[in-house]
Structures are given as structure tokens and as C-alpha cells.
Amino acid sequence: MNFQQIPQDGIRAASTPPPQLSGILRRIATLGDMLDRAVGEQDHPLRIQIDEIHGPVHATISGRKTTLFGTNSYLGLNFDPRCIAAAHEALDKWGTGSTASRVASGNQQGHVALEKTIADFYGRPDAIVYSTGFMANLGSIGGLASDGDLILYDAYCHASIIDACRASGATFKPFKHNDTADLERALTEATVPASRILVVLEGLYSVWGDIGDVIGLATVAKNHGALVLVDEAHGMGMYGANGRGVTEVQGAEHLVDAIVGTFSKSVGVIGGFCVTFHPALRSLRYLSRAYLYTASLPPAVVASARTAIEIIGSEPDLRADLWRKAERFCTSVEAMGYVLRATPGPVGAIRMRGLIQGLEFWRDLLASGIYVNLLIPPATPNGEVLLRFSVSAAHTDADIDQFLAILREFAPRAISA
Ligand SMILES: Cc1ncc(COP(=O)(O)O)c(C=O)c1O
């Protein structure tokens, strides 16, 4: 492998859009064209196809047996026999789909039971289930805030939060990532009453794998009287004695008005939710367009999500196993000289020198039977190119050793210069 093989200016030349295009087509051609030419058709980072799946973290990709270090199945529950059995049973009894929105004929006994399971899991009176985590943000933030309100959000928040802010009709402004002083400034400068301000942040930021200062930021927000919403998409299942996320582990649950989450990470299926202790937020069911105007989750997904959440709440050993593996992996990676972008944990990222090195490294890992995520701008902070990895409780010690051995072999070329 030679990271310098593809000349940098080759990328720049390839990024020039074909001259016959104009307007919208010319604009959108640029990035795809650049990546396609740089990487070629084979093993394209944004078009990887899994040909066969052999469990939560093993697959066949391009004819190769591959260990997945780029999934969000942090606890391996997408292949847990209890979750699969629950899905089978619901499929047989309820069919393949609900075929309607919750407010039409798509509100089945399973959806209501799932909401009770989530509310109990978080120790809150009420929960609302959405069809994805993206829609949970669209629906909750878009339902809560509107014209005349102000949303202050952490600058590194997920795209679904930004899109939710856009769709809400409220004014929205970022504050510096994890910066309590900047949030304080933004709240002090606000020209609307604090009761009309919603502060949005995340528990675990999934690009670098760094955790949010939920306790610090929520304290600042509450001192001003603002509402606080935390997206625990990645933290759920991974952090906290009960698996409720970073908000739980930092002792900040009493400061947080609403928690948004997803079933597509630790829970192992698809779907999203918002949980709250405010009775007033029951109205979200009538205000969230992403709840009202889309079909509800299929019964098998609902049943499997319920079972997974019960497992997350009742089996802390699974979480302990995940952390044992993640800490061993990260300690070894750092000892080799790689620099992780955040405090070691189950999600981490190694910064690459640029697109060329990132593509080469990612492709060489894949050729060696390891899949990680290649993250490039605009999905990354500061225009960084990152190799993002995630450790799962489903990884065996042998899987981790395999990845470590490859990283050790690549280290001299990857870290030097
Ligand atoms: C912080 C955060 N929120 C929301 C989502 C969207 O979740 P889903 O994939 O369930 O739509 C993601 C997905 O990666 C995420 O990272």
C-alpha cells in the first residue's frame, strides 16, 4: 500500500464537473464524480454491498469474509434469538406491515405496548414512537418549536437535528461544540424569553465518539429557564447503569425535558422515539408531522424492539462486556501510536491526513477483511477525513485481535509523515 500513489491534484482534476452540465446537475455532479474517479467502481466507500450476513458483526463483502467494525449494533441484539423469535411471532400474527399512520389504522396493540416499554425503561410517564430516529427528531423538535421560538443546538449535532430545526419554522443557531460558556453567551444574548428557547444536544456524538457535556449544558440551560432535548441515539444501551445513555451516567436526567432516541443502533431494528415527563408534550402526537403523516412501524419490528429494550434494561452484563472489549481495543490502538479523536469508548475515529490516505487505508482494511466507516466532509467536523470504528459486544476476542494485528501492520505507513 502506498498512500501517495494517487496524486492530490488528480483528485482536484477529477472533481471538475463535466462541462456539458449546468445548474443543479452541475452542482450535484461534483462530489460523486470526485469519489467515483478516485476510488473506482470496486469497493466504493459509499456503495459497499453486503452479499451475505453471518451475524451482527460478520459478513461477506465482495466475496471476502469480513468482520464489521462499522455497524451500530453495539450489543449484537439484531441477531439475539429472543428478538428474532418475537419478530417471527408478530409477523405470523399481525402480518408484514401496519399499512397506515398511527392516527389512521396503524395504531396497533404492539405500538402502544412499545411506548409503555420505553416510558418504563426511562422511568417517565409517556413516550412517542416514530418510524425512524431521523423522524423522531423531525417530529419532536418540529412539534415543540415553531415561529417565534429559538432553538440553540450543539454545532456537531446530527443532520436530522439540523433538518428538524429548518422544518420547525423557529429561529435556530448553533453554539460551539460542548461549550457551556458559548451556550451561556447565546442564552444571554437571546431576544426571546427563555421559556421559548429549546436547547438541543447529543449524548454521544457518533463521528468522533466523544460524549456530550449533558450535565454542564443542561445546567446552564435550566438556569436560564430553557427547555432541553437530548438525542441519545448512540448512547442508549451503551452508557448508564440501566443503559439509558450519557444523560443517565452524568446524573442529568432531572434536567432534561425530552430524550430522543432510535431503535437502529443498540436496539437492532429501526424506529425512533421521544420520551418526556411533561404532560404537555402529549400534544406532540397532534403536532408532529413526522408522526401524523407517515406509516407506523411494522409489527415484527415493534415486537423485536420491545424485546431488545427489555434486554438492555435487565442485562447490564452485556454492557460491561462491550466496555471490556472497547477498552482493550482502544488501549492497544493508542499504544501503537494512532491518535483517537476522543476519549476511548465503543465508538472512535482515527484522523487521516486527507482524502487520499483515508480512501487507501479504508480500502486496504477492507481487503484485509475489516470493514470500518470512512467519513468525509461534509459529514465530519472541520473538514476532517476519519476512519470511524465501532466495537460491539458481539465481537469475539479473536475479532478484536484480528483488527489489532492489521492496524499494527499498517501503523508504520499510516502514522508516519
Ligand atoms: C445522533 C443521531 N440522531 C438520529 C439519527 C437517525 O437515526 P435513524 O438512523 O434511526 O433514522 C442518527 C443516525 O445515525 C444519529 O446519529
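Residues numbered from 1 in each chain as written. Predicted model: local features only at pLDDT ≥ 70, side-chain atom pairs only at ≥ 80, totals over all residues.

Taking an unreviewed UniProt entry as the reference, the protein is identified by name as Aminotransferase class I/II-fold pyridoxal phosphate-dependent enzyme belonging to Phreatobacter aquaticus. In the Sequence similarities (unreviewed entry) part of its UniProt record, the protein is described as follows: "Belongs to the class-II pyridoxal-phosphate-dependent aminotransferase family." In its Cofactor (unreviewed entry) section, the UniProt entry covering the protein states "pyridoxal 5'-phosphate". (UniProt positions renumbered as here; feature names shortened; annotations may be inferred.)

**Student:** Could you clarify how one ought to interpret unusual backbone geometry in this entry?
**Tutor:** Most peptide bonds take the trans form, and the phi angle of most residues other than glycine is negative. In this structure, the amide linkage connecting P377 to the following residue, P378, adopts the cis form with an omega of 10°. Relative to the assigned elements, P378 resides in the loop between strand 15 (373–375) and strand 16 (385–390). In this structure, T99 takes a positive phi of about 60° despite not being glycine. Here T99 is to be found in the loop between helix 3 (81–94) and helix 4 (109–122). Judged by local crowding, T99 falls into the exposed class, with 12 C-beta atoms found within 10 Å. Look at N382: it is not a glycine, yet its phi comes out positive at around 55°. Locating N382 in the fold gives a position in the loop between strand 15 and strand 16. A tally of 7 C-beta atoms within 10 Å means that N382 is categorised as exposed. (Helix = DSSP H or I, 4+ residues; strand = E, 2+ residues; numbered from the N terminus. Buried ≥ 20, exposed ≤ 12 C-beta atoms within 10 Å, placed from the backbone.)

**Student:** Please clarify how the site of the ligand should be interpreted in this entry.
**Tutor:** Residues in close proximity to the ligand total 14 residues, the closest being T132, G133, F134, A233 and T262. Element by element, the count of residues in the shell around the ligand is highest for helix 5 (residues 133–144), at three residues. Residue classes in the shell around the ligand are distributed as two nonpolar, 10 polar and two charged. (Near = placed C-beta within 6 Å. Nonpolar A, V, L, I, M, F, W, Y, C, P; charged D, E, K, R; others polar.)

**Student:** Explain the nonpolar core here, please?
**Tutor:** The tendency in soluble globular proteins is for nonpolar side chains to be buried as a group. I141, I151, L152, L198, V199, V200 and L387 are the most contacted members of the largest nonpolar core, which has 121 residues in total. A total of nine residues in this core trace back to one element, the largest contributor, which is helix 12 (residues 299–314). A domain split of this core shows at least three residues from each of domain 1 (41–70 + 316–415) and domain 2 (80–314). If sequence neighbours within four positions are ignored, V200 has contacts with I141, I151, Y153, C157, I161 and L229. (Core = buried A, V, L, I, M, F, W, Y, C linked by C-beta atoms within 7 Å. Domains from an automatic or database assignment. Contact = placed C-beta atoms within 7 Å.)

**Student:** Looking at this model, I keep getting lost on the packing of helix 5 against helix 6 (residues 159–168). Mind explaining?
**Tutor:** In a pair of packed helices, the angle between the axes and the distance between the axes together describe the arrangement. At a minimum axis separation of 8 Å, helix 5 and helix 6 run at an interaxial angle of 35°. For the element pair helix 5 and helix 6, the recorded crossing hand is right-handed. Residues G133, F134, N137, L138, I141 and G142 of helix 5 lie in contact with helix 6, whose contacting residues are S160, I161, D163, A164, C165, A167 and S168. (Axes fitted to C-alpha atoms, helices over the stretch in contact; angles between N-to-C directions. Left-handed = near helix turned anticlockwise from the far one by under 90°.)

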